[in-house]
Amino acid sequence: MFPCFKSVLIWGLSTDCVNHILKISSKCHRSQAFKKKDGAVTVSHTELSLDDVKDFKAPATLLETEEGTFHPEYRGASNAFCIRLFCIDEKHETRSLDFLHYVFKLFPDKDFCVILVPHHVPEFQLIQSFVRVVPFCTSRLGHELYVFHRAGLLKSFNVRRATTNDLLGVKMLVKTLRLNESILNDLKIFILARRDPDGIPVQAFIAEVLDQIVGISVIRDEMDIEYIQSHYNMEDFINFNHHQQEEHGHLCHFVLNPIFHHYTKHFLKEILRLAHKSSLYYPIYPQYVEGKFQNPCAHSLTSALHYMVPVRPRRQIVYPLEELGINAPSEQVSKDQLSYSLNHINRKLVLESKVSINTRIVVVGASDVGISFLETLVFCPHLKFNNLILISIHGLPGKDLLGSKHRRFLITSHCFNDEDYAQMSLCSWVNVVVGKMTGINRAAKYVVVSEEEKVPYDYLVLCMGQKYQVLSPTGADISKLPTNREVISKWPQIYTGKVPSNHFTLNNDQDCLKAMHWLKENVVDMEGNIIVYGNTVDIYTTVETLLSLGINGSRIHLIQPPLCSNVTCLNNNEIESAVQEALSKAGVSVYYDSILAQWNEGDDPDLITCAAFTTNTKPFKLQCSAFFSFAYRTVDYETFKAINDACLVFDGRLVIDSKFCTNDVNIRAAGPLTKYSRRYYVDEWTHSNFNSREVGFELAVSLLDLVDPTPKPFRKQPEGTDRLIPMYRGCKIKGGVLPGGCNYLHISKPEIPICLDVELALYDHGTEIITGEARNGNYFRMHINKYSMVDSITCFSKESFPVSNYICLYGQHERLLNDLYYRWNEGKITDLYSYFREPWSMAIYHDRFIDLKKELRQTLMSEQVPGLPPAAEPPPEDRAEQSPCPPPLREPVLRFLRRHRARLPAYAPASGPGAPPTAAVKARERKGQAGPHVPPAPRPSLGSPRVWASGTRHTFPRAVGTPRHRSRASLPVLRQDGGGDAHPHHCCAPAAALRAGVTAPSVSRAGVAATG
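These figures come from a predicted structure and were not determined experimentally. (Residues numbered from 1 in each chain as written. Predicted model: local features only at pLDDT ≥ 70, side-chain atom pairs only at ≥ 80, totals over all residues. Heavy atoms only, no water.)

Novice: Quick question: what am I supposed to make of the sheet that holds strand β38 (residues 742-748) here?
Specialist: Adjacent strands of a sheet form backbone hydrogen bonds with each other and so pair up, either parallel or antiparallel. Ordered in space as β37-β38-β41-β40-β39, the 5 strands form an open sheet in which the pairing is antiparallel. Of all strands in the sheet, those with a lone pairing partner are β37 (732-738) and β39 (767-771), marking the two edges. In this sheet, neighbouring strand axes are inclined to one another by 10° on average, regardless of whether the strands run parallel or antiparallel. Pairing geometry for strand β40 (residues 778-784) and strand β41 (residues 790-797), over 7 bridges, is antiparallel. Following the sheet pairing, Tyr-779 is matched in β41 by Phe-796. Seen against the sheet, helix α16 (residues 573-586) touches β37, β38, β40 and β41 and runs at an angle of roughly 15° to β41. (Pairing = 2+ DSSP bridges. Helix = DSSP H or I, 4+ residues; strand = E, 2+ residues; numbered from the N terminus. Axes fitted to C-alpha atoms, helices over the stretch in contact; angles between N-to-C directions. Contact = heavy atoms within 4.5 Å.)

Here it is, written out as structure tokens:
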């Protein structure tokens, strides 16, 4: 007798009920779009049907064909019944499906069983066998719809290799799919040759039930394993040392009748077994690739996608191939090829189930914070979010062609680039509503888009940020010669009239593209002035873009309004002087402390023909063909009105607490849109001061604490921390191309802006390391703070430079950078650009180097390392020079270099004279069988390397003047396979690695930080 009686209430569905469910839910299509009369467009990307491959190619295609979008409407007799209540003891939950055998007998005339589940209810055992029907993004039904067909109860699901006799059955299965010809062609290739035209082995498998073909899959051997291993975080899922090359497969096609959708994992498991594979990989190529879905490399989309895990991309080292020479990585690692999003399944993962989250999470704004938030949720390997919705004016970013010139109008934060968007493929997991938020109904929990469409939510996340606004002229009569003092009280104000057609406020790539097309059609080949108004870095990047379009500099007028603080946008006198010199050379006119007074003659124009400005002395007037405004950035009016009407606290910005919560627990916000509540007494600190990608990650973590049902260890917060705001450690980055064609990059710590001249005057400012001059286009500035850590980096160069490499330098100790301060102070470094291109620095740019630092630091902090004297006792000079690095510190470095040999080929374990004795040598010594003694080689000069007897490795002596208590640990060294002398800046390879966890002087005295 069961401890508790479990009941099932089963109701038949009427025709009207079936129609109602079908109207509020879409058929199982991956991509759908529809357009209302108000212009709001909804694009859904949550589930994938092979029939919708063409629609998946690009949302732009959907927007052109919305009128033909399919809206299902069932006609006919009722063919389904509904489960209204289901209850079973947890001990027997795995047998939930057994109920359906009896239930279908009660309804012999019904083929479908449906069940409606509230969004907040976790997916239980029974509905894991059902097929989830994807709702429209605007569906107001507060439940998830699951469907099961009576044929799904059949157990005779068999998987086998394909044969010639299967061609007709497969043709019938895929005949309604748009890529049916591609599937049939690959099947024929397997039947006829077992290899594709490139000679790669191909295998095909058939799934059948009662001798009827219900599924087909085609795979081939994965040949780019080295590339995948170096470009994606596959180590999170598999250990490549435990897998043979031939055990990796590439999933080309996967088709399965939706009735047997719950057999997907079984199908995958059988494919792995029959093909003798341990892993399968499936790529998704970006949307902007024209015709990619007709390319053989881009396979049909798979209905098994949600059973696979998306794999995070890895940060890549930008290799100086010329400097590395023969020590450069292999072509398989460094080759440039089309970026794609990688999905993965293996023998272990096929036995693990993802936790489905049906909670409706609506994100408003495709800003860096919003994209980072979605990225964090999507790449949770144990979770599957079914209802992620993004509301954005232009949809997801990253859809434009690579290298588009219009992007140079604005500076970039370097949070994401086109390659990042391609490798994330958010369109595979996120539903997109193209439109603008115009209202929030907190009581009914929905967002109004474009004043008409309603998008329901369980949690709403606001990440719109701030935008450049159209400034209203002060209206001053310049004939009366007014000055700024008389009009400053009316400035700035947002313009609420019709925006003139030649007035541009650039906030995103689409605005920039529109402006560039307009300029090419109306300005470039004609006469007329272009006015650029503002005082941010974007004014300089815009001027440089205008010059690059072929517009004469004499036609460009750069007008800067009064500064609101003493901190300029570049905050560097030398770079500002170089920019002004470039502007003067190009013929660009520059005006300072000017306030917009009038357009034309003071009326609201459809086209701006002239603009007047007041100054501290007398006003001036300019003819105008195009007006670019970067003078005022704030929350736009529609966003403010939606927030204010929803009674969310707004104090210049949307007010949040330290957990990103507004005054509504279901509404969260982050980014420049927000500010902290006044109770924290930190009005100067906002999310604008921090790295947007880090803020988005922390926002996702805070929400995961609410929606992730997996058990987590309880973390008790220290008392009083609720009154403190979180502090972020990631660096702030901005970069672009400034006048003169110079590439600009500034990396700094999160801080309240302060004038550089004032900062330099502080007694504890630290050290400024500068090489080159801005006017020569080779300026490199690095600030080392009082703790000897890299605090900021500024680059201004006519040559391109590896930005991602330089970002890795931020926050590093100067000794980690090959004793940077000592070498610069001794005059050994004259060009930081070439210095950081040298082979010794490659390990620092490796994405796993931070793990090595943590491991070394943990070793040092956990206990006294054997072989090291106490910190208070510096070792004798002879002992410091001769003793090798202790094994607890040496082994992690060696292990790191061996594991990542493919990406760091310039490093090799030392094995020559002076190297640490191996285990075999130590054993012989214990038995009295040690080999002949090899005396240490004489110390060469600084400029000549010491080459090991093998002729393949070298190290370098202690630099002149270096304190003798710093030991040269005999560790991995740079390879010198090509012969000849190495650069005098080169150092022992592990020196950088060991210094990673060593910053305290006591550790240096212990002699574990090797020097060059």
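Novice: It is not clear to me how the sheet that holds strand β25 (residues 503-504) should be interpreted in this structure. Could you clarify?
Specialist: Spatially, the 5 strands line up as an open sheet ordered β25-β32-β26-β27-β28, and their pairing is parallel. Whereas interior strands pair on both sides, the edge strands pair on one side only; in this sheet they are β25 and β28 (589-591). Both strand β27 (residues 556-559) and β28 contribute to a ladder of 3 bridges, which runs parallel. Directly across from Leu-558, in β28, lies its bridge partner Val-590. Along the sheet face, helix α15 (residues 537-548) touches β26 (530-534), β27 and β32 (626-630) and points at about 165° away from the line of β26.

Novice: Is there a simple way to explain the nonpolar core in this structure?
Specialist: Generally speaking, soluble globular proteins have nonpolar side chains that are buried together. With 111 residues, the main nonpolar core has Phe-157, Met-234, Phe-373, Phe-385, Ile-440, Leu-460 and Leu-462 as its most contacted residues. Setting aside residues no more than four positions away along its own chain, Phe-373 makes contact with Ile-361, Val-363, Val-461, Gly-696, Leu-699, Ala-700 and Leu-703. Counting residues in each nonpolar core, the second largest holds 45 residues, with Cys-731, Ile-769, Leu-817 and Phe-836 among its members. (Core = buried A, V, L, I, M, F, W, Y, C linked by side-chain atoms within 4.5 Å. Buried < 20%, exposed > 50% of the residue type's maximum accessible area, 1.4 Å probe, protein only.)

Novice: For this particular structure, what's the right way to read the pairing of β39?
Specialist: For a regular strand, side chains alternate in direction, first toward one face of the sheet and then toward the other. Two strands pair when backbone bridges link them, and β39 and β40 are joined in this way by 5 bridges, in the antiparallel orientation. Residue pairing across strands places Ile-770 opposite Arg-781, the latter belonging to β40.

Novice: Please clarify how the packing of helix α24 (residues 849-862) against helix α26 (residues 887-899) should be interpreted in this entry.
Specialist: The relative placement of two packed helices is expressed as an angle between their axes plus a distance between the axes. The N-to-C vectors of α24 and α26 enclose an angle of 165°; their axes lie 10 Å apart at closest approach. Classified by the angle between their axes, α24 and α26 sit roughly antiparallel to one another. The interaxial crossing formed by α24 with α26 has right-handed handedness. Residue-level contacts link Phe-849, Leu-852, Glu-855, Leu-856, Thr-859 and Leu-860 of α24 to Pro-888, Leu-889, Pro-892, Val-893, Arg-895 and Phe-896 of α26. A class-by-class count of the residues in the contact of α24 with α26 yields 9 nonpolar, 1 polar and 2 charged. (Parallel < 35°, antiparallel > 145°, perpendicular 65-115°, else oblique. Left-handed = near helix turned anticlockwise from the far one by under 90°. Nonpolar A, V, L, I, M, F, W, Y, C, P; charged D, E, K, R; others polar.)

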